[in-house]
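# Notes for the structure review
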Amino acid sequence: MDSRMRKQALFAGTIGNIMEWYDFVLYGYFAAQIAALFFPKTNSLAALLSTFAVFAVGFLIRPLGGIVFGRFTDRVGRRKSLIASVGIISVATIAMGVLPTYSTIGLAAPALLLLCRLVQGFAAGGEYTGALTYVVEHAPVNKRARYSGVAVAGSYAGFVLGSLMCILMTSTTTSAQLLTWGWRVPFLAAAPLALIGLYLRLRMDDSPVFAALQRSGHVEPAPLRQAFKIAKKPMLVMVGWSTACSVAYFLSVTFLISYLTTTRHFTPTQSLTIGVVTSVVALVVNLLAGPVIDKLGMKRVAVTSISIVAIWAIPAFLLFQRVDLLGACFIVAVFAVCLGFNAVVTGLSAVQLFPSQVRGTAGA
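Residues numbered from 1 in each chain as written. Predicted model: local features only at pLDDT ≥ 70, side-chain atom pairs only at ≥ 80, totals over all residues. Heavy atoms only, no water.

### A few points about the packing of helix H1 (residues 3–29) against helix H5 (residues 78–96)
Running from N to C, H1 and H5 point in directions that differ by 25 degrees, and their axes come no closer than 10 Å. Compared by their axis directions, H1 and H5 come out roughly parallel. Along this stretch, H1 crosses H5, giving a crossing that reads as left-handed. Within the contact between the two elements, H1 uses Gly16, Met19, Glu20, Asp23 and Tyr27 and H5 uses Val86, Ile89, Ser90, Thr93 and Met96. Residues that form the contact of H1 with H5 fall into these classes: five nonpolar, three polar and two charged. (Axes fitted to C-alpha atoms, helices over the stretch in contact; angles between N-to-C directions. Helix = DSSP H or I, 4+ residues; strand = E, 2+ residues; numbered from the N terminus. Parallel < 35°, antiparallel > 145°, perpendicular 65-115°, else oblique. Left-handed = near helix turned anticlockwise from the far one by under 90°. Contact = heavy atoms within 4.5 Å. Nonpolar A, V, L, I, M, F, W, Y, C, P; charged D, E, K, R; others polar.)

As structure tokens, then:
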């Protein structure tokens, strides 16, 4: 492959991660508005908890999406799977921007909200690993972590983009305008991003690894069964590692925004600024971590970074009780450095731990 093909693969694979996490930050940030509009107003706390429960459902459906899209990736190809996943995520995200509220259609409103989250989570189950598989399979062997770092950086770029859209809306609208129509604008703004993603993926070729499997007649007809047969141990390792990294990530960039606003009484803009700092730092670290991991190896970097997260967690939340905006930014920056390294290890592990014929299924 020439460098042009590799760059095309890198951009096409990364755009879906941007789209996926752009949506996640919008939902997390506008949780209060969504709670007020889509659930009965008899109890505001119950409505907020219901909103986050719907957010959680998007994660509960992801394993099913991983199985379906993973099998599709291993049997039909990386390219077709990525076209399908980014298209489905895009439709569900844009649909959330036009959903009628509880005052208009009653209980059908939270039901439709739940449906959108189910669809998003289902497609996201295959998008992340599918994109990383596609990107890393285009990388030179000695630069796989660097390619993984760029693809993973797309996730944080999506968070930053979504956060900036939220800051724009909160700073240019009144509370009433934000509640009635302002929160919808960032969801609808996903349309141009979706079109770019589809355009890039429709133009790309399949990965050279999958093309080689096709030529040799080694495409696995039953990748799920085969994955549990030949890759059970690395799958368990991946589950444990992903759990640790995901808890740390979502505490830092989703829960923290709501916590600082409701408990510490930071302004919404201040809380979101802290979230942006987290993602910007992590994004930069993603790009810098690749060469380090290529040189030192995944295991050494992984053990060091996740250990720092574990040690820092308790003093960090104790310090959150008394720090100002600058202090909060420093606390999350420490997390962000570790998250940046962890995310690159996760992306690379999803590819390198598994044989190519079951890689999409086992990784997802």
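### A few points about the environment of Ser90
Its place among the elements puts Ser90 in helix H5. When its relative accessible area of 4% is taken as the criterion, Ser90 is described as buried. Ser90 sits 29 residues away from Ile61 along the chain, and the two C-alpha atoms are 17 Å apart. If near-sequence neighbours (up to four positions away) are discounted, Ser90 is found in contact with Met19 and Ala194. (Buried < 20%, exposed > 50% of the residue type's maximum accessible area, 1.4 Å probe, protein only.)

### Notes on the packing of aromatic side chains
Taken as a whole and judged by the stated rule, the model has seven aromatic pairs. For the ring pair Trp183 and Phe187, a centre distance of 5.9 Å and an interplane angle of 80 degrees mean the geometry is edge-to-face. The pair Trp183 / Phe187 is uniform in exposure class, with both members buried. Linked through ring pairs, Tyr27, Phe52, Phe55 and Phe59 together constitute an aromatic cluster. Here Arg117 stacks its cationic end above the ring of Tyr27, 5.1 Å away from the centre of that ring. (Phe/Tyr/Trp six-rings, centres within 6.5 Å; stacked < 30°, edge-to-face > 60°. Lys NZ or Arg CZ within 6 Å of the ring centre and 35° of its normal.)

### As for H5
An α-helix turns once every 3.6 residues. As a result, residues three or four positions apart point the same way. Between its first and last C-alpha, H5 extends 28 Å over 19 residues, near the 27 Å set by a 1.5 Å rise per residue. Listed as buried for H5 are Arg78, Ser81, Leu82, Ile83, Ser85, Val86, Gly87, Ile89, Ser90, Ala92, Thr93 and Met96. (Expected span 1.5 Å × (residues − 1).)

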